[in-house]
Amino acid sequence: MDPDLELALELADLADAVTLPRFRARDLQVDRKADATEVTEADRGAEAALRRALASARPDHAVLGEEEGLIGAPDARYRWVIDPIDGTSNYVRHVPIWASLIALMDGDDVVAGVASAPALGRRWWAARGEGACADGTPITVSGVATLAETHLAHAGVGTFYEYGSGDALVALTRDVWRSRGLGDFWMHCLVAEGAFDAAVEPIVSLWDLAALTVIVEEAGGRFTDLAGNPGPAGGSALSTNGHLHNEVLRRFR
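Residues numbered from 1 in each chain as written. Predicted model: local features only at pLDDT ≥ 70, side-chain atom pairs only at ≥ 80, totals over all residues. Heavy atoms only, no water.

### Let's talk about the pairing of strand β15 (residues 237-240)
Condition: Residue burial is assigned from relative accessible area. The probe radius is 1.4 Å, only protein chains are included, and a residue is buried under 20% of its type maximum, exposed over 50%, and partly exposed in between. In this description a helix means any DSSP run of H or I spanning at least four residues, a strand means any run of E spanning at least two, and both kinds are numbered starting from the N terminus. A pair of strands is labelled paired if DSSP reports no fewer than 2 bridges between them.
Across the two faces of β15 the burial is the same, with Ala237 and Ser239 and Leu238 and Thr240 all buried. Two elements, strand β14 (residues 222-224) and β15, share three bridges in a ladder whose sense is antiparallel. Within β15, the residue paired with arginine 222 across the bridge is threonine 240.

Below, the structure written as structure tokens:
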């Protein structure tokens, strides 16, 4: 196994050991950030544990995390990107759809990524050039090639309207076979394993997407922002099986 991926999987074990025991805890401490989104003691604790482990295992690498920002040289070649709990609102509301996302970037390219969802009993991972796996089994995207057969996942409809693309989403949902509002990491992982054919969200951060990018791409799919730029840094996201990508992009342009 790629040594960086092996380390990322070890980090995921560390994160799970912090997050899962506190899930559904009656005394869970929940605070609000400046943007009114939730942050819990588990978010902070998991990120701190990962930073300590990386400081020991990769002291020359920078670390970017949702809760503590960037620590390390801004121009460092290697940068770990961490979302300790993607889906904190679900975590707080006792919905088991949340995950720790861990990725390593070499410049602008994501070279390894893990999405660990312990409350679901699921984990996805990939390393550049080595394919993608879910729970130890290789995965591939679907072969669906027409919108009429497409299973589409998306973030909340209201968020699309907030960012000016609500009508485009609604029109797309009328043309696909089935659409479901899932949001967060899970819908992109389901694209990677072929359960969904496309997943779209209008506003996201780098730590929400870095790990997912390499998982989808190594499963044979395509991952861009809604302007068609590849990679996780564009502020929006579209993952597909590749066959549908240009047509879905055209709908949002």
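### Examining the packing of aromatic side chains
Put simply, the rule reads: Pairing of aromatic rings covers Phe, Tyr and Trp, the last through its six-membered ring, and needs centres within 6.5 Å; plane angles under 30 degrees mean stacked, over 60 mean edge-to-face, and all others mean tilted. Think of it as a cone above the ring: NZ of Lys or CZ of Arg counts as a charge over the ring if it is within 6 Å of the ring centre and within 35 degrees of the ring normal.
What the rule picks out here adds up to five aromatic pairs. Grouped by ring-pair contacts, the aromatic residues Phe23, Tyr91 and Trp98 constitute a single cluster. When the ring centre of tryptophan 177 is taken as origin, the NZ or CZ atom of arginine 178, which lies over that ring, is 4.4 Å away.

### A word on the sheet that holds strand β12 (residues 178-181)
Counted only if it meets this: Between N-to-C directions, angles cover 0 to 180 degrees, with each direction set by a line fitted to C-alpha atoms, over the stretch in contact for helices. Throughout, a contact is declared for two residues whenever any of their heavy atoms are within 4.5 Å.
Read across the sheet, five strands follow the order β12-β11-β13-β15-β14 without closing on themselves; strand pairing throughout is mixed. Either end of the sheet is taken by a strand with one partner, and the two such strands are β12 and β14. Taken over all neighbouring pairs, the strand axes of this sheet differ in orientation by 15 degrees on average, direction set aside. The pairing of strand β11 (residues 151-154) with β12 spans four bridges and is parallel. Within β12, the position partnered with histidine 151 by the bridge is arginine 178. Here helix α5 (residues 166-175) sits on the sheet in contact with β11, β12 and β13 (198-201), set at roughly 155 degrees to β11. Relative to β14, helix α8 (residues 245-252) is tilted by about 25 degrees, and along the sheet it contacts β13, β14 and β15.

### Things to note about α5
To be explicit about the condition: Think of the arc as the fan of directions from the helix axis to the C-beta atoms.
Within α5, the full set of buried residues consists of Gly166, Ala168, Leu169 and Leu172. On an axial view of α5, the arc spanned by its buried residues comes to 160 degrees, and they lie on one face. Of the exposed residues in α5, those oriented more than 90 degrees away from the buried face are Asp167 and Arg174. For α5, the secondary structure elements touched by its buried residues are β11, α4 (157-162), β13 and α8.

### Things to note about unusual backbone geometry
A positive phi angle, close to 70 degrees, is found at histidine 94, a residue other than glycine. Of note, histidine 94 is situated in the loop between α3 (88-92) and β6 (99-106). By relative accessible area, which is 39% here, histidine 94 ends up partly exposed. In this model, aspartate 135 sits at a positive phi of 55 degrees, which is unusual for a non-glycine residue. Looking at the element boundaries, aspartate 135 is found in the loop between β9 (132-134) and β10 (137-138). Of the residues examined, aspartate 135 reaches a relative accessible area of 40% and is grouped as partly exposed.

Geometric values such as these leave the question of function open.
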